[in-house]
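Listed here are the chains, written in short residue letters.
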Amino acid sequence: MNSLAKVHDTDTPLNVAASDHAGGDLRSASAGIKSVPQRAIRQRLSELNVLESEAIHIMREVAAGCSNPALLFSGGKDSIVLLRLAEKAFRPGKFPFPLLHIDTGHNFPEVIAFRDYRAAQLGERLIVRSVEDSIAQGRAVEQPGQGRNALQSVTLLDSIAELELDACIGGARRDEEKARAKERIFSFRDSFGQWDPKNQRPELWDLYNTRVQAGENIRVFPISNWTELDVWQYIARERLEVPSIYFSHARDVIRKPGGLLPVSALVQPRPGEKVENVHVRFRTVGDMTCTCPVESVATTLEEIIVETGATRITERGATRMDDQTSEASMELRKKEGYF
Amino acid sequence: MNATGNNTGSEHELLRFAAAGSVDDGKSTLIGRLLYDSKSIFEDQLSVLDRTSKKRGQDTMDLSLLTDGLLAEREQGITIDVAYRYFATPRRKFIIADTPGHEQYTRNMVTGASTADLAIILIDARKGMLTQSRRHAYLAHLLGVPHLLVAVNKMDLVDFSQSVFERIQSEFATFAQGLGIKDVRYVPISALHGDMVVTRGDRLGWYHGATLLETLETVDVAGLVEHDALRFPVQLVARPDPATGRERRGYLGRIESGFVQVGDAVTVLPSGVSSRVARIFTFDGDLQHAGAPLSITLELEDEIDVSRGDMIVQTVVDAACGAAPSVTQSIAAKVCWMHTRPLDRRRHYLLKHTTRTVKASFSEIEYRVDVNSTENVTGVDTLAMNDIAHVRLRLYEPLACDNYTLNRATGSFIVIDPSNNATVAAGMIADA
Ligand SMILES: Nc1nc2c(ncn2[C@@H]2O[C@H](COP(=O)(O)OP(=O)(O)O)[C@@H](O)[C@H]2O)c(=O)[nH]1
């Protein structure tokens, strides 16, 4: 290592402010010094910049390696982050894939409105397929008392077949749930859409195997290595808009052992159940009939970040009644083709 | 995820580490301990843990249950596949590749180590260094993991004895030296009780080094790249579109190593055609210069033929520019076979290296490495799952590559079986 390298090695990490986060602020000392070997001039990027660059790289590998991908966009925070990453990967060009939403018919209206607004704002094509149609066609059977998160698998698999998709980019993260911790970034599904956890393709370095045969597909998770906190920090740094229900608001809820169940057209109190008006925010925005908000007074991204940093309950544990049913419920659903 | 809520800034560095140990050395307990003591375990996880522990008749909470992932693993009580876990302290964010220790799972350790900046090797203080410890160290070294941290666990069961620790340390050091491993650190711990993991405890007073977590928080991550010449594999090419402000073709990719600035003379490999950098585009604005590991879009001054799989490097005018990659159709490499279907040398495979995929065949197996003795076995003509071997590959098109020891990104490849698209092997270029 020469002396220049030493200077750079001891530099403090780059300061990442919302206005200059491009990450290109390398020490100007190195500019113009042509004859000095450019050794050890590795930027000390903050983890968000490293995660961002990794995700951009993944999206570009999908675009290059898959013939007909789609990006799953629900209007939720994780897929909002995916859209920003796609902008970073492909602008000024168009996205090399459409956006796809599997609408359960149980979505929060604010989120659906946001979904349409954001897709239009980006000028990208949004395809919506609905679980209601699958139910009407008899492809999916609704079970009383169960949410529709699981039924999404049927509609998703049908859409993959209909649109002949060979890859779906999704916003799942490994920190969400035990079964996901073992899932690859490029997660291979057979022609029935099934995930076989014991027979996954090894994934080394950043060398992704994107090859599939006709009828098979890959689920791709560019933000696998992000945590809930990373997502909120990124949203704040990028000044991204999110649906209003992520912020604290007063809402009628029923207090259940598994969480606060929001009252809506689909969920009404049973006799004897008490409706309370509580200040809450949502941490995830899935099926309205089983997605519970948490009590919160956070009205800004900064306050959400503080609460997330201090939170003591996992995102799914706090908010998804259907994941609590059994310890292994997510793994079982994933095997059947769920995200 | 710190309960004090003071890690809300986004300026953390990231450290990726792999954890390896033989069954029952306490790896799950250690990882559980790190997550627990750094307050990364949540109440709902704790209550599941508590319930499961009780169901199994244990009276204290078993931290190791926290990391049992899949149903099959819980049934068999062993870890089968690599799991990734996350925690953060006010100083750093960590990604743990939790790799199973069993010999059968060599490929999983290889996978976990491929992206690791550091590997923790657990040794049970009562058992001392085992064959497995040697294998783990060998694999970490083979995969170019820059730092090794030997954690001598269960110190509580050897009365926190300094001499036990020092004996293991010196035995390991001799072995590591033999392999040429440079950076090894040692720490005595009790994963179960927490001594010297996050807090020092008061029973290892004779040990004056860093706690396990302090090492993770301070070990150097920035100095990992020994090779700093520009390596920019092209992922995609974007056509000019003046309506959007793009006057020239754009080359999308990630800087794998080194540094690039506007005006730099660059060469496209394997063609060898040269040009200059006209523009470094990002969504957040143009840059004058950029370094690894940023994802950018490069524009060149001249209209030359560049496509996915090409690599843009600095034009070498003198030794000061750093070495150019080799452009070759024959490479020597260490490979780890990862599939149940063994290598068939009569067949062609696909080799994916950076963003380039080429047809390849295994022209020679020079020797297989016995991962337990680290000795070479010659006269081998096939490779089975978990085998590691030194081979020679013939490529149907040239690759621009570096030796793995100099550059992990441009020295690594995977092998794909075109008949079923399975990833069958991982390789590290030994001589390009
Ligand atoms: N006394 C003692 N027992 C330990 C320690 N660490 C782990 N154990 C026990 O060793 C056994 C195996 O630990 P586990 O973490 O499951 O090992 P793994 O197979 O390496 O994941 C469990 O019964 C642990 O409670 C330690 O530091 N001291």
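Criteria and thresholds
- Residues numbered from 1 in each chain as written.
- Chains lettered and ligands numbered in written order.
- Predicted model: local features only at pLDDT ≥ 70, side-chain atom pairs only at ≥ 80, totals over all residues.
- Heavy atoms only, no water.
- Pairing = 2+ DSSP bridges.
- Helix = DSSP H or I, 4+ residues; strand = E, 2+ residues; numbered from the N terminus.
- Axes fitted to C-alpha atoms, helices over the stretch in contact; angles between N-to-C directions.
- Disulfide = S-S within 2.5 Å.
- Buried < 20%, exposed > 50% of the residue type's maximum accessible area, 1.4 Å probe, protein only.
- Domains from an automatic or database assignment.
- Contact = heavy atoms within 4.5 Å.
- Buried area = accessible area lost by both parts, 1.4 Å probe.
- Salt bridge = Lys/Arg side-chain N within 4 Å of Asp/Glu carboxyl O.
- Polar contact = N/O pair within 3.5 Å; in protein donor to acceptor, adjacent residues only side chain to side chain.

Before we go on, may I ask you to explain the sheet that holds strand β2 (residues 99–103) of chain A in this structure?
Hydrogen bonding along the main chain pairs the strands of a sheet, whether they run parallel or antiparallel. Residues and elements named next belong to chain A. On the basis of which strands lie adjacent, the open sheet formed by 6 strands has the order β3-β2-β1-β4-β6-β5 and mixed pairing. Among the strands making up the open sheet, the edge pair consists of β3 (126–130) and β5 (186–189). This sheet shows a mean twist of 30° between the axes of neighbouring strands, independent of strand direction.

Teacher, can you tell me more about the state of the cysteines here?
Formally, a disulfide is one covalent bond, and it connects the sulfur atom of one cysteine to the sulfur atom of another. Taken as a whole, this structure holds 0 disulfides over all chains when the rule is applied. Note on Cys-168 of chain A: no disulfide assigned, nearest cysteine sulfur contributed by Cys-66 of chain A at a separation of 9.8 Å. Look at Cys-168 of chain A and you get buried, because its relative accessible area is 1%. We note that Cys-401 of chain B lacks a disulfide partner, and the nearest cysteine sulfur, in Cys-336 of chain B, lies 20 Å from it.

What is the right way to read unusual backbone geometry from this model?
Put simply, Arg-91 of chain A and Pro-92 of chain A share a cis peptide bond, and its omega is 10°. Locating Pro-92 of chain A in the fold gives a position in the loop between α3 (77–90) and β2. Here Leu-269 of chain B and Pro-270 of chain B are connected by a cis peptide whose omega angle stands at 10°. In this structure, Pro-270 of chain B sits in the loop between β10 (265–269) and β11 (273–281). Here the phi dihedral of Asp-24 of chain B falls at roughly 75°; this positive angle occurs in a residue that is not glycine. Residue Asp-24 of chain B is classed as exposed on the basis of its relative accessible area, which comes to 59%. Unlike most non-glycine residues, Met-196 of chain B shows phi in positive territory, near 65°.

How do you make sense of the domain arrangement of chain B when you look at a structure like this?
Where interface size is given, it is often the accessible area lost as the parts come together that is meant. Residues and elements named next belong to chain B. Assigned domains within chain B: domain 1 (11–218), domain 2 (232–321) and domain 3 (326–431). On a C-alpha basis, the centres of domain 2 and domain 3 stand 29 Å from each other. Taken together, the 11 residues of domain 2 in the interface contact 10 residues of domain 3. Together, the buried faces of domain 2 and domain 3 total about 870 Å²; carbon and sulfur atoms form 65% of this surface. Taken together, the links from domain 2 to domain 3 amount to 1 salt bridge. The shortest N-O distance in the salt bridge between Arg-356 and Asp-310 comes to 3.5 Å. Here domain 2 and domain 3 share 4 residue pairs in polar contact (both at pLDDT 80 or more) between them. Per-element tally for the side of domain 2 that touches domain 3: the top contributor is strand β7 (residues 231–238), with 3 residues.

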